[in-house]
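The lines below spell out each chain.
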Amino acid sequence: MTGTTTTTTTTATTAATATFGAVGAAHTRVEGVAKVTGAARYAGEVPYPELAHGWLVLSTVARGRIRAVESAPVLAMPGVVAVLHHENAPRLNGDYTNAFGVPDPIAQIFQHDRVPFVGWPVALVVAETPEQAREAAEALVVEYDEEPHDVVFAAGLPGVYAPESAPAAQKGDLEVELAASAVVVDAEYSTPEEHHNPMEPHAAIARWDGGRLEVVDSNQGSRFVADELAKLFSLDPQSVRVRSEHVGGGFGSKGTRPHSVAAAMAATVLQRPVRVVLTRRQMFSLVGYRSPTAQRVRLGADADGRLRAFDHRAECLTSTVYEFVERAAEFGRAMYDSDAHYSQTRVVPLDVPTPSWMRAPGEAPGSFALESALDELAEKCGLDPIALRARNEPAVGPVSGLPFSGRNLLACFEEGASRFGWADRDPRPGVRREGRWLLGTGTAASTFPVLSAPSTAAVTAEPDGTFTVRITASDIGTGARTALTLIAADALEVAPERIRMRIADSDFGFAMIAGGSMGTRSWAWAIRVAADELRERLALGGGIPPEGITARSDTSQAVGALEQKERHSFGAQFAEVAVDVTSGEVRVRRMLGIFAAGRIVNPLTARGQFVGGMVWGLSMALHEEAHRDRASGGHVGADLAGYHFSAHADVPDIEADWVDDPDPGDPVGIKGIGEIGVVGAAAAIANAVWHATGVRHRNLPIRPDRVL
Ligand code: MOS
């Protein structure tokens, strides 16, 4: 760690008890030793006697019907015990809806013969070993009646519509204000299809144990997955237990996915434990991804840069079987004042896999377009990009009119500008040369909404003086388990070493998923409430019985009573790039992110999250894009050889830090830090490339062939 992290510990103004001191001090991961010694088992690694191995077979056509699954030859292959498909698989509950109350066909596998995209699950081959299962799966012949498909996304396709789930925001008269503007930017931007590649692929082992369906899974919320499996298999929710103690990354991709449903199906049919692990290739169609976007931004301003008109429109795709909207046009709704505002995302269904959440869904591509357009406006107005943002700083929510719970965007820019050396910047583009490299710097703003979700927790005082916390939290590698340990330690006024943090077991009850940057905030609240009650009970005196004394919490009411405000994290991103004018290669030399993201619980892992997000932004700016083949409807290069993202050599001097920003609407002052690191990072790099070369790049990624 080369971090120069300032530990800005602050007591939340609403804190009911004094801070004990664990929160805000760097702490290594409580499960770190178990992870590096291999003692920590991930979902696919749990050994069960009689474990069978399932291998999914995915469709090779983009639209049509399954005519035949030729199981017989495969069933005769060594070790094969079953081939499940739409004709013989258990019937799932046809009324199934996912956690959002929407029917989601991706979880309802093997129920019909229709194929809506390349990579749709058509069969599961189960064998005694993974190798036998894979060989048989690859040998399985599936015949299709193919139908014409359409997989190519572009702006303005027939069929694009304004989804009810993502309403437009509107204020004032846009055309009047644009006409009255001295300076107008009107530009189109695009971002490509981007894919989830967490280190640990999706994996699940399912088995029946004394009348209960037990699943060890890699997911972002075990209670959610348990409830969805219960619905799918028409079981009592208490008859399903899902655990996911260690998860190697998720970032929106690890909900209820076909691997866990397939494992549960096979375990039911065979009455033995079955493991299903997805390959990288399979992940490209089965776990969600970021839709490509086509965006248009129109900004109208007075000569001094004050915005009169703000217009952000985006289009994205979804599948034909589920509506998911990458709400890119919404990023700016809380960002800048303007007399008129319009923002809306539209969506077009194509014969492609269903996209889904991927770190900062909406904000990541939306911030690229809007924060690039702001840079273009600054250039046209002859203003420094930071001064332009300061000029349009709103007093209340620009569209909502609601007060901000706290807004430290300018504090981030001030701190960042000073540490980055922004004051010395020559605003002219294309004038700094170092050999064959052109050099430039850029900046962009960042934001992410702050939300809380109801959760439950149980805290037990043990007779030996330790405490056990039980909560269905999920640590997807972010350090959440450690953060919650520090929260519990302070709430109980004991050292973190006396806390036993048990997480990710659906039997612990309902809790928020690790998502929406809401996990730690929502879980910490529940732990805090339970710990406070336990302290009160312990203060009454008396001994602790062998089973301990347990206090439980449910934050549903408290969270529901939260005052309506514009509640956001903010950040300022800075980048320095070098552009090789002979090869078109862009190298990022330096990145700095300064964030106002609530109280920072563990500076060590928080820095890792911010930096990780910024690396993701770098990757988005320069490397990542999935290619879909018009003829087959499938991906070209759907693997880590064909899909490029940042590796160590691409990652330069990156630093992340933060300003003091406790949230008064949270008992611990937390806001959430999961996603904001990626937001604005790609725009800062694109703006730096403009500064280096004088050329605007409005289409990501900024590949060498686009630079030349
Ligand atoms: Mo995140 S996209 O909420 O896992």
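This structure is a prediction, so every number in the text was calculated from the model and none was measured.

Draft legend 1. Highlighting the overall build of the protein. On a plain count of helices and strands, the protein comes out with 16 helices and 28 strands. Taking the principal axes of its C-alpha atoms as reference, the protein extends roughly 75 × 75 × 50 Å. Per-residue burial for the protein yields a buried fraction of 56% across its 708 residues. Looking at the protein alone, contacts between residues at least 24 apart form 83% of all its contacts between residues at least 6 apart.

Draft legend 2. View of the environment of Gly 221. Relative to the elements of secondary structure, Gly 221 occurs in the loop between strand S11 (212-217) and helix H5 (222-232). Spatially, the C-alpha atom of Gly 221 lies 13 Å from that of Thr 456, the residues being 235 residues apart in sequence. Look past the residues within four positions of Gly 221 in its chain and what remains in contact with it is Ser 474, Ile 513 and Ala 514.

Draft legend 3. A look at the packing of helix H8 (residues 363-381) against helix H15 (residues 681-693). Two elements in contact, H8 and H15, have axes whose closest approach is 8 Å; the angle formed by their N-to-C orientations is 35°. Crossing angle aside, the handedness with which H8 passes H15 is right-handed. Counting all contacts with H8, which are made through Ser 367, Phe 368, Glu 371, Ser 372 and Asp 375, the residues of H15 involved are Ala 682, Ala 683, Ala 686, Asn 687 and Trp 690. The residue makeup of the contact of H8 with H15, split by class, is five nonpolar, three polar and two charged.

Draft legend 4. Spotlight on the sheet that holds strand S28 (residues 653-658). Pairing in this open sheet of five strands is mixed, and the strands run S18-S19-S24-S25-S28 from one edge to the other. Edge positions in the open sheet fall to strand S18 (433-434) and S28, since each of these has one partner strand only. Across ten bridges, strand S24 (residues 568-580) lies against strand S25 (residues 586-596) in antiparallel orientation. Pairing of Val 579 across the sheet is with Val 586, part of S25.

Draft legend 5. Region of interest: the environment of Gly 366. The residue Gly 366 is located in helix H8 in this model. Distance in space between the C-alpha atoms of Gly 366 and Phe 331 is 5.5 Å, their sequence separation being 35 residues. With sequence-adjacent residues up to four places away left out, Gly 366 is seen in contact with Ala 314, Ala 328, Ala 329, Glu 330 and Phe 331.

Draft legend 6. Looking closely at H15. Here H15 contains 13 residues, and its C-alpha end-to-end distance of 19 Å stays within 8% of the 18 Å for a straight helix at 1.5 Å per residue. Residue Gly 694 follows H15 closely and has a positive phi angle near 80°.

Draft legend 7. Just the confidence of the model for the protein, in detail. When pLDDT is averaged along the protein, the result is 96, and 97% of the positions lie at 70 or above. When the criterion is pLDDT under 50, residues 1-18 qualifies, and its contacts beyond four places in sequence or with other chains add up to 33 contacts. Interface scoring of the predicted complex returns ipTM 0.96; its pTM is 0.96.

Draft legend 8. The environment of Leu 439, seen in detail. Along the chain, Leu 439 turns up in strand S19 (residues 437-449). As for Leu 439 and Ala 688, which are separated by 249 residues in sequence, their C-alpha atoms are 8.1 Å apart.

Draft legend 9. Quick look at the pairing of S19. Burial within S19 is extensive, with eleven of its 13 residues counted as buried. Of the strand pairs in this sheet, S18 and S19 are connected by two bridges, and their pairing is antiparallel. When the bridges of S19 are listed, Glu 434 appears paired with Trp 437. Here S18 folds back onto S19, and the loop between the two strands holds two residues, one of which, Gly 435, carries a positive phi near 60°.

Draft legend 10. Expanded view of the sheet that holds strand S23 (residues 549-554). In space, the four strands of this open sheet follow the order S22-S21-S20-S23, with mixed pairing throughout. Strands at the two margins of the open sheet, each flanked by one partner only, are strand S22 (499-503) and S23. For this sheet, the mean inter-axis angle between neighbouring strands, taken without regard to orientation, is 15°. Strand direction decides the pairing type here: strand S21 (residues 467-471) and S22, joined by five bridges, are parallel.

Draft legend 11. Quick peek at the packing of helix H14 (residues 603-622) against H15. At a minimum axis distance of 7 Å, the contact between H14 and H15 shows a crossing angle of 50°. Taken together, H14 and H15 sit at an angle that is classed as oblique. Crossing of H14 over H15 shows right-handed handedness. Between H14 and H15, the contacting residues are Met 614, Gly 617, Leu 618, Met 620 and Ala 621 on the first element and Ala 681, Ala 682, Ile 685 and Ala 686 on the second.

Reading guide: rules and limits
Residues numbered from 1 in each chain as written. Predicted model: local features only at pLDDT ≥ 70, side-chain atom pairs only at ≥ 80, totals over all residues. Helix = DSSP H or I, 4+ residues; strand = E, 2+ residues; numbered from the N terminus. Buried ≥ 20, exposed ≤ 12 C-beta atoms within 10 Å, placed from the backbone. Contact = placed C-beta atoms within 7 Å. Axes fitted to C-alpha atoms, helices over the stretch in contact; angles between N-to-C directions. Left-handed = near helix turned anticlockwise from the far one by under 90°. Nonpolar A, V, L, I, M, F, W, Y, C, P; charged D, E, K, R; others polar. Pairing = 2+ DSSP bridges. Expected span 1.5 Å × (residues − 1). pLDDT = per-residue confidence, 0-100. Parallel < 35°, antiparallel > 145°, perpendicular 65-115°, else oblique.

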